[in-house]
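What follows is the residue order along each chain.
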Amino acid sequence: MAGLASLVAGGLAAPRLARAADNPSELRIDYATYNPVGLLIRDKGWLEEELKADGIAVRWIQSLGSNKALEFLNAGSIDFGSTAGAAALVGRVNGNPIKAVYVYSRPEWTALVTRPDTGIAAVADLKGRRVAATRGTDPHIFLIRALASAGLKEKDIALVPLQHGDGKAALIRGDVDAWAGLDPIMAGAEVENGAKLFFRDAALNSWGVLNVREAFAAAHPELVRRVLAVYEKGRQHALANPADLKQSLIAAAKLPDAVIERQLTRTDLSTGTIGDAQRQTLVAAGQALQGAGVIKAEIDVSAAVNGLIDPRFGAQTQ
(Lines give C-alpha, C1' and ligand atoms only; values in the text may rest on other atoms or scores of the structure.)
Protein backbone atom coordinates (compact mmCIF):
# COMPACT_ATOMS: atom_id res chain seq x y z
CA MET A 1 0.00 0.00 0.00
CA ALA A 2 2.86 2.35 0.88
CA GLY A 3 4.46 1.57 -2.46
CA LEU A 4 1.19 2.34 -4.25
CA ALA A 5 0.88 5.61 -2.34
CA SER A 6 4.40 6.58 -3.34
CA LEU A 7 3.72 5.71 -6.96
CA VAL A 8 0.51 7.77 -7.01
CA ALA A 9 2.25 10.68 -5.30
CA GLY A 10 5.10 10.47 -7.76
CA GLY A 11 2.70 10.33 -10.69
CA LEU A 12 0.90 13.44 -9.48
CA ALA A 13 4.06 15.31 -8.68
CA ALA A 14 5.80 14.68 -11.99
CA PRO A 15 3.40 16.71 -14.17
CA ARG A 16 3.47 19.56 -11.64
CA LEU A 17 7.27 19.65 -11.76
CA ALA A 18 7.13 19.65 -15.55
CA ARG A 19 4.70 22.54 -15.54
CA ALA A 20 6.82 24.43 -13.02
CA ALA A 21 9.87 24.09 -15.27
CA ASP A 22 7.93 25.70 -18.12
CA ASN A 23 6.44 28.48 -16.03
CA PRO A 24 7.92 31.98 -15.92
CA SER A 25 9.56 32.98 -12.65
CA GLU A 26 7.48 36.15 -12.61
CA LEU A 27 4.09 37.24 -13.91
CA ARG A 28 3.82 40.96 -14.72
CA ILE A 29 0.39 42.54 -14.68
CA ASP A 30 -0.84 46.11 -14.65
CA TYR A 31 -3.11 47.96 -12.27
CA ALA A 32 -5.04 51.13 -13.08
CA THR A 33 -7.63 53.34 -11.45
CA TYR A 34 -9.90 52.79 -14.46
CA ASN A 35 -9.92 49.05 -13.62
CA PRO A 36 -11.30 48.78 -10.06
CA VAL A 37 -11.50 44.98 -10.08
CA GLY A 38 -7.76 44.77 -10.73
CA LEU A 39 -7.13 47.06 -7.75
CA LEU A 40 -9.23 44.83 -5.51
CA ILE A 41 -7.34 41.71 -6.62
CA ARG A 42 -4.03 43.47 -5.97
CA ASP A 43 -5.10 44.54 -2.47
CA LYS A 44 -6.36 41.08 -1.56
CA GLY A 45 -3.21 39.33 -2.77
CA TRP A 46 -5.26 36.66 -4.53
CA LEU A 47 -2.99 36.37 -7.56
CA GLU A 48 0.08 35.94 -5.38
CA GLU A 49 -1.80 33.30 -3.39
CA GLU A 50 -2.79 31.44 -6.57
CA LEU A 51 0.74 31.31 -7.99
CA LYS A 52 2.84 30.95 -4.84
CA ALA A 53 3.01 27.13 -4.90
CA ASP A 54 4.39 27.29 -8.45
CA GLY A 55 7.17 29.68 -7.44
CA ILE A 56 5.80 32.43 -9.68
CA ALA A 57 6.23 35.93 -8.29
CA VAL A 58 3.75 38.67 -9.22
CA ARG A 59 4.85 42.16 -10.22
CA TRP A 60 2.19 44.88 -10.43
CA ILE A 61 2.96 47.81 -12.75
CA GLN A 62 0.76 50.89 -12.89
CA SER A 63 -0.85 51.94 -16.17
CA LEU A 64 -1.93 55.59 -16.39
CA GLY A 65 -4.03 54.99 -19.51
CA SER A 66 -4.73 52.47 -22.25
CA ASN A 67 -1.90 53.98 -24.27
CA LYS A 68 0.61 53.16 -21.53
CA ALA A 69 -0.74 49.65 -21.02
CA LEU A 70 -0.44 49.02 -24.76
CA GLU A 71 3.11 50.38 -24.81
CA PHE A 72 4.06 48.07 -21.94
CA LEU A 73 2.48 45.06 -23.65
CA ASN A 74 4.17 45.82 -26.97
CA ALA A 75 7.54 46.18 -25.26
CA GLY A 76 7.06 42.95 -23.29
CA SER A 77 7.24 44.88 -20.00
CA ILE A 78 3.97 43.33 -18.82
CA ASP A 79 2.17 40.09 -19.66
CA PHE A 80 -1.37 41.32 -18.93
CA GLY A 81 -2.66 44.85 -19.43
CA SER A 82 -6.04 46.52 -18.94
CA THR A 83 -7.31 48.85 -21.65
CA ALA A 84 -10.42 50.07 -23.35
CA GLY A 85 -11.56 47.66 -26.04
CA ALA A 86 -11.39 50.23 -28.84
CA ALA A 87 -7.86 51.22 -27.83
CA ALA A 88 -6.84 47.55 -27.88
CA LEU A 89 -8.29 47.24 -31.39
CA VAL A 90 -6.29 50.22 -32.65
CA GLY A 91 -3.20 48.74 -31.01
CA ARG A 92 -3.80 45.37 -32.68
CA VAL A 93 -4.35 47.02 -36.08
CA ASN A 94 -1.06 48.88 -35.62
CA GLY A 95 0.84 45.64 -35.01
CA ASN A 96 0.65 45.19 -31.23
CA PRO A 97 0.49 41.37 -30.80
CA ILE A 98 -2.17 41.14 -28.08
CA LYS A 99 -5.31 39.15 -27.36
CA ALA A 100 -8.31 40.49 -25.42
CA VAL A 101 -9.35 37.66 -23.09
CA TYR A 102 -11.61 39.09 -20.36
CA VAL A 103 -14.03 41.94 -19.60
CA TYR A 104 -13.21 43.68 -16.32
CA SER A 105 -16.05 46.23 -16.65
CA ARG A 106 -18.50 47.91 -18.94
CA PRO A 107 -18.07 51.53 -17.89
CA GLU A 108 -19.31 54.88 -18.98
CA TRP A 109 -15.87 56.13 -18.11
CA THR A 110 -15.41 58.88 -20.65
CA ALA A 111 -17.31 62.00 -21.69
CA LEU A 112 -16.46 65.45 -23.00
CA VAL A 113 -15.86 67.89 -20.17
CA THR A 114 -15.66 71.67 -19.93
CA ARG A 115 -15.80 74.51 -17.41
CA PRO A 116 -19.01 76.51 -16.90
CA ASP A 117 -17.34 79.68 -18.24
CA THR A 118 -16.36 78.43 -21.71
CA GLY A 119 -19.73 78.74 -23.43
CA ILE A 120 -19.33 75.18 -24.74
CA ALA A 121 -22.64 73.31 -24.65
CA ALA A 122 -22.42 70.94 -27.61
CA VAL A 123 -19.81 69.12 -29.68
CA ALA A 124 -20.19 71.63 -32.51
CA ASP A 125 -18.93 74.33 -30.13
CA LEU A 126 -15.50 72.67 -30.08
CA LYS A 127 -14.59 73.94 -33.55
CA GLY A 128 -11.39 75.94 -33.25
CA ARG A 129 -11.12 75.29 -29.49
CA ARG A 130 -8.28 73.72 -27.50
CA VAL A 131 -9.19 70.20 -26.36
CA ALA A 132 -7.02 67.95 -24.18
CA ALA A 133 -6.98 64.18 -24.73
CA THR A 134 -4.67 61.22 -24.24
CA ARG A 135 -3.90 59.80 -27.67
CA GLY A 136 -4.64 56.12 -28.19
CA THR A 137 -7.13 55.82 -25.33
CA ASP A 138 -10.91 55.43 -25.19
CA PRO A 139 -11.38 59.15 -24.35
CA HIS A 140 -9.43 60.10 -27.50
CA ILE A 141 -11.45 57.63 -29.58
CA PHE A 142 -14.65 58.91 -27.95
CA LEU A 143 -13.65 62.46 -28.90
CA ILE A 144 -13.06 61.48 -32.53
CA ARG A 145 -16.45 59.76 -32.75
CA ALA A 146 -18.17 62.67 -30.99
CA LEU A 147 -16.64 65.13 -33.46
CA ALA A 148 -17.80 62.98 -36.36
CA SER A 149 -21.36 63.04 -35.00
CA ALA A 150 -21.25 66.83 -35.37
CA GLY A 151 -19.65 66.76 -38.82
CA LEU A 152 -16.21 67.68 -37.48
CA LYS A 153 -12.78 66.06 -37.66
CA GLU A 154 -9.79 66.20 -35.37
CA LYS A 155 -8.20 68.85 -37.58
CA ASP A 156 -11.15 71.15 -36.76
CA ILE A 157 -9.98 71.47 -33.15
CA ALA A 158 -6.63 72.20 -31.52
CA LEU A 159 -5.85 68.85 -29.90
CA VAL A 160 -3.56 69.13 -26.87
CA PRO A 161 -2.09 65.67 -26.16
CA LEU A 162 -1.83 65.15 -22.40
CA GLN A 163 -2.11 62.21 -20.02
CA HIS A 164 -5.47 62.04 -18.30
CA GLY A 165 -4.54 63.74 -15.03
CA ASP A 166 -2.67 66.50 -16.84
CA GLY A 167 -5.67 67.03 -19.12
CA LYS A 168 -7.92 67.63 -16.15
CA ALA A 169 -5.42 70.04 -14.61
CA ALA A 170 -5.12 71.95 -17.88
CA LEU A 171 -8.91 72.29 -18.08
CA ILE A 172 -9.24 73.57 -14.52
CA ARG A 173 -6.36 76.05 -15.02
CA GLY A 174 -7.95 77.35 -18.21
CA ASP A 175 -5.15 76.18 -20.50
CA VAL A 176 -7.68 74.23 -22.60
CA ASP A 177 -11.38 74.74 -23.24
CA ALA A 178 -12.45 71.10 -23.05
CA TRP A 179 -11.11 67.70 -22.13
CA ALA A 180 -11.92 64.13 -23.11
CA GLY A 181 -12.14 62.85 -19.55
CA LEU A 182 -11.58 59.51 -17.87
CA ASP A 183 -12.92 58.29 -14.53
CA PRO A 184 -12.13 58.58 -11.67
CA ILE A 185 -10.26 61.77 -12.63
CA MET A 186 -13.33 62.96 -14.54
CA ALA A 187 -15.58 62.33 -11.53
CA GLY A 188 -13.14 64.38 -9.46
CA ALA A 189 -13.40 67.27 -11.90
CA GLU A 190 -17.20 67.13 -11.56
CA VAL A 191 -17.46 66.78 -7.80
CA GLU A 192 -14.51 68.91 -6.69
CA ASN A 193 -14.12 71.49 -9.46
CA GLY A 194 -17.62 71.99 -10.83
CA ALA A 195 -16.71 70.76 -14.31
CA LYS A 196 -19.57 69.94 -16.68
CA LEU A 197 -20.01 66.82 -18.80
CA PHE A 198 -21.48 68.46 -21.89
CA PHE A 199 -21.50 65.40 -24.16
CA ARG A 200 -22.22 61.87 -22.96
CA ASP A 201 -23.00 58.70 -24.89
CA ALA A 202 -22.63 55.43 -23.03
CA ALA A 203 -22.81 53.49 -26.31
CA LEU A 204 -19.58 55.13 -27.50
CA ASN A 205 -17.67 53.90 -24.44
CA SER A 206 -16.06 50.57 -25.34
CA TRP A 207 -15.69 47.71 -22.89
CA GLY A 208 -12.83 47.52 -20.41
CA VAL A 209 -10.82 44.48 -21.49
CA LEU A 210 -7.90 42.57 -20.05
CA ASN A 211 -5.31 41.82 -22.73
CA VAL A 212 -2.49 39.32 -22.76
CA ARG A 213 0.60 39.22 -24.96
CA GLU A 214 -0.10 36.76 -27.76
CA ALA A 215 3.24 34.99 -27.22
CA PHE A 216 2.55 34.60 -23.51
CA ALA A 217 -0.91 33.12 -24.18
CA ALA A 218 0.57 30.64 -26.67
CA ALA A 219 3.31 29.57 -24.26
CA HIS A 220 1.24 29.51 -21.05
CA PRO A 221 -2.47 28.94 -21.82
CA GLU A 222 -3.15 27.28 -18.46
CA LEU A 223 -1.56 30.20 -16.64
CA VAL A 224 -3.83 32.57 -18.57
CA ARG A 225 -6.85 30.53 -17.39
CA ARG A 226 -5.67 30.75 -13.80
CA VAL A 227 -5.21 34.52 -13.99
CA LEU A 228 -8.73 34.86 -15.40
CA ALA A 229 -10.07 32.65 -12.60
CA VAL A 230 -8.60 35.11 -10.10
CA TYR A 231 -10.10 38.02 -12.04
CA GLU A 232 -13.49 36.31 -12.01
CA LYS A 233 -13.16 35.79 -8.26
CA GLY A 234 -12.43 39.50 -7.92
CA ARG A 235 -15.39 40.54 -10.09
CA GLN A 236 -17.82 38.36 -8.14
CA HIS A 237 -16.42 39.60 -4.82
CA ALA A 238 -16.81 43.20 -6.01
CA LEU A 239 -20.48 42.59 -6.83
CA ALA A 240 -21.12 40.98 -3.44
CA ASN A 241 -18.97 43.42 -1.46
CA PRO A 242 -19.13 46.87 -3.11
CA ALA A 243 -17.60 48.52 -0.03
CA ASP A 244 -14.39 46.53 -0.56
CA LEU A 245 -14.24 47.63 -4.19
CA LYS A 246 -14.80 51.26 -3.23
CA GLN A 247 -12.07 51.13 -0.57
CA SER A 248 -9.51 49.72 -3.02
CA LEU A 249 -10.33 52.46 -5.52
CA ILE A 250 -10.18 55.21 -2.90
CA ALA A 251 -6.78 53.98 -1.74
CA ALA A 252 -5.34 53.79 -5.26
CA ALA A 253 -6.86 56.97 -6.69
CA LYS A 254 -6.43 58.99 -3.47
CA LEU A 255 -9.76 60.66 -4.13
CA PRO A 256 -12.69 61.29 -1.77
CA ASP A 257 -15.56 58.89 -1.24
CA ALA A 258 -18.01 61.08 -3.19
CA VAL A 259 -15.77 61.08 -6.25
CA ILE A 260 -15.30 57.31 -6.21
CA GLU A 261 -19.02 56.80 -5.68
CA ARG A 262 -19.67 58.86 -8.82
CA GLN A 263 -17.29 56.65 -10.83
CA LEU A 264 -18.77 53.40 -9.54
CA THR A 265 -22.33 54.44 -10.40
CA ARG A 266 -21.12 54.50 -14.02
CA THR A 267 -19.35 51.11 -13.84
CA ASP A 268 -21.15 47.89 -14.81
CA LEU A 269 -19.47 44.71 -13.52
CA SER A 270 -22.21 42.29 -14.55
CA THR A 271 -20.11 40.17 -16.93
CA GLY A 272 -16.55 38.96 -17.32
CA THR A 273 -16.99 36.86 -20.46
CA ILE A 274 -15.69 38.27 -23.72
CA GLY A 275 -17.49 37.37 -26.93
CA ASP A 276 -20.15 38.51 -29.39
CA ALA A 277 -21.36 41.60 -27.51
CA GLN A 278 -17.83 43.00 -27.32
CA ARG A 279 -17.18 41.99 -30.93
CA GLN A 280 -20.19 43.99 -32.14
CA THR A 281 -19.20 47.06 -30.12
CA LEU A 282 -15.62 46.98 -31.37
CA VAL A 283 -16.59 46.47 -35.02
CA ALA A 284 -18.83 49.56 -34.77
CA ALA A 285 -16.05 51.53 -33.08
CA GLY A 286 -13.50 50.38 -35.65
CA GLN A 287 -15.71 51.32 -38.57
CA ALA A 288 -16.30 54.77 -37.07
CA LEU A 289 -12.55 55.22 -36.62
CA GLN A 290 -12.02 54.07 -40.18
CA GLY A 291 -14.43 56.73 -41.36
CA ALA A 292 -12.47 59.30 -39.38
CA GLY A 293 -9.18 58.18 -40.94
CA VAL A 294 -7.71 56.75 -37.71
CA ILE A 295 -7.79 53.20 -39.13
CA LYS A 296 -6.70 52.84 -42.75
CA ALA A 297 -9.42 52.22 -45.33
CA GLU A 298 -7.88 48.95 -46.51
CA ILE A 299 -8.09 47.33 -43.05
CA ASP A 300 -10.75 44.64 -42.63
CA VAL A 301 -12.17 45.81 -39.30
CA SER A 302 -14.20 42.66 -38.64
CA ALA A 303 -11.15 40.48 -39.23
CA ALA A 304 -9.07 42.71 -36.96
CA VAL A 305 -11.64 42.40 -34.18
CA ASN A 306 -11.74 38.62 -34.62
CA GLY A 307 -7.96 38.60 -34.38
CA LEU A 308 -8.06 40.61 -31.16
CA ILE A 309 -10.79 38.82 -29.21
CA ASP A 310 -9.87 35.37 -27.90
CA PRO A 311 -12.85 33.78 -26.11
CA ARG A 312 -11.29 30.33 -25.70
CA PHE A 313 -10.11 31.00 -22.14
CA GLY A 314 -13.60 31.97 -20.99
CA ALA A 315 -14.44 33.70 -17.72
CA GLN A 316 -12.86 31.02 -15.55
CA THR A 317 -14.35 30.22 -12.13
CA GLN A 318 -12.53 28.91 -9.11
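Residues numbered from 1 in each chain as written. Predicted model: local features only at pLDDT ≥ 70, side-chain atom pairs only at ≥ 80, totals over all residues. Heavy atoms only, no water.

### A few points about the overall build of the chain
Here's step 1: Regarding its fold elements, the chain presents 14 helices and 11 strands.
Here's step 2: Taken against the 2.2 N^0.38 rule, which gives 20 Å for 318 residues, the C-alpha radius of gyration of the chain at 21 Å falls within 12% of a compact globule.
Here's step 3: Oriented by its inertia axes, the alpha-carbon framework of the chain measures out at about 85 × 45 × 30 Å.
Here's step 4: Put simply, 79% of the contacts in the chain that link residues at least 6 apart link residues at least 24 apart.
Here's step 5: Surface summary for the chain: the accessible area is close to 13200 Å², and the carbon and sulfur share equals 52%.
Here's step 6: Within the chain, one finds 35 positive and 34 negative side-chain charges whose respective centroids are separated by 2 Å. (Helix = DSSP H or I, 4+ residues; strand = E, 2+ residues; numbered from the N terminus. Rg over C-alpha atoms; globule rule 2.2 N^0.38 Å. Contact = heavy atoms within 4.5 Å. Areas by Shrake-Rupley, 256 points an atom, 1.4 Å probe, with all protein chains shown as cover. Lys, Arg positive; Asp, Glu negative; His and termini not counted. Charge placed at Lys NZ, Arg CZ, Asp CG, Glu CD.)

### A few points about the packing of aromatic side chains
Here's step 1: Summed over the entire model, instances satisfying the criterion amount to five aromatic pairs.
Here's step 2: A ring pair is formed by Phe80 and Phe216, whose centres lie 5.5 Å apart and whose planes are at 75°; its orientation type is edge-to-face. Of this pair, Phe80 sits in strand S3 (residues 80-84) while Phe216 sits in helix H9 (residues 214-219), and the two are 136 residues apart along the sequence.
Here's step 3: These aromatic residues form a ring-pair network of at least three members: Tyr34, Tyr104 and Trp109.
Here's step 4: One cation-aromatic arrangement involves Arg42 over Tyr31; the distance from NZ or CZ to the ring centre is 3.9 Å. (Phe/Tyr/Trp six-rings, centres within 6.5 Å; stacked < 30°, edge-to-face > 60°. Lys NZ or Arg CZ within 6 Å of the ring centre and 35° of its normal.)

### Describing the packing of helix H7 (residues 164-173) against helix H8 (residues 185-193)
Here's step 1: As a packed pair, H7 and H8 sit with axes 10 Å apart at the nearest point and diverge in direction by 25°. Of the possible angle classes, the one that applies to H7 and H8 is roughly parallel. Crossing hand, H7 versus H8: right-handed. Of the residues in H8, those in contact with His164, Gly165, Lys168 and Ile172 of H7 are Ile185, Gly188, Ala189, Glu192 and Asn193.
Here's step 2: For the contact of H7 with H8, a count of residues per class yields three nonpolar, four polar and two charged. (Axes fitted to C-alpha atoms, helices over the stretch in contact; angles between N-to-C directions. Parallel < 35°, antiparallel > 145°, perpendicular 65-115°, else oblique. Left-handed = near helix turned anticlockwise from the far one by under 90°. Nonpolar A, V, L, I, M, F, W, Y, C, P; charged D, E, K, R; others polar.)

### Section: the nonpolar core
Here's step 1: By size, the foremost hydrophobic cluster in this structure holds 71 residues, and its most contacted members are Leu27, Ile29, Ile41, Leu47, Phe80, Val224 and Tyr231.
Here's step 2: If near-sequence neighbours (up to four positions away) are discounted, Leu27 is found in contact with Leu47, Leu51, Ile56, Ala57, Val58, Arg59, Asp79, Phe80, Phe216, Leu223 and Val227.
Here's step 3: Counting residues in each nonpolar core, the second largest holds 18 residues, with Val123, Leu126, Ala146 and Ile157 among its members. (Core = buried A, V, L, I, M, F, W, Y, C linked by side-chain atoms within 4.5 Å. Buried < 20%, exposed > 50% of the residue type's maximum accessible area, 1.4 Å probe, protein only.)

Read these as layout, nothing more, since geometry by itself doesn't imply function.
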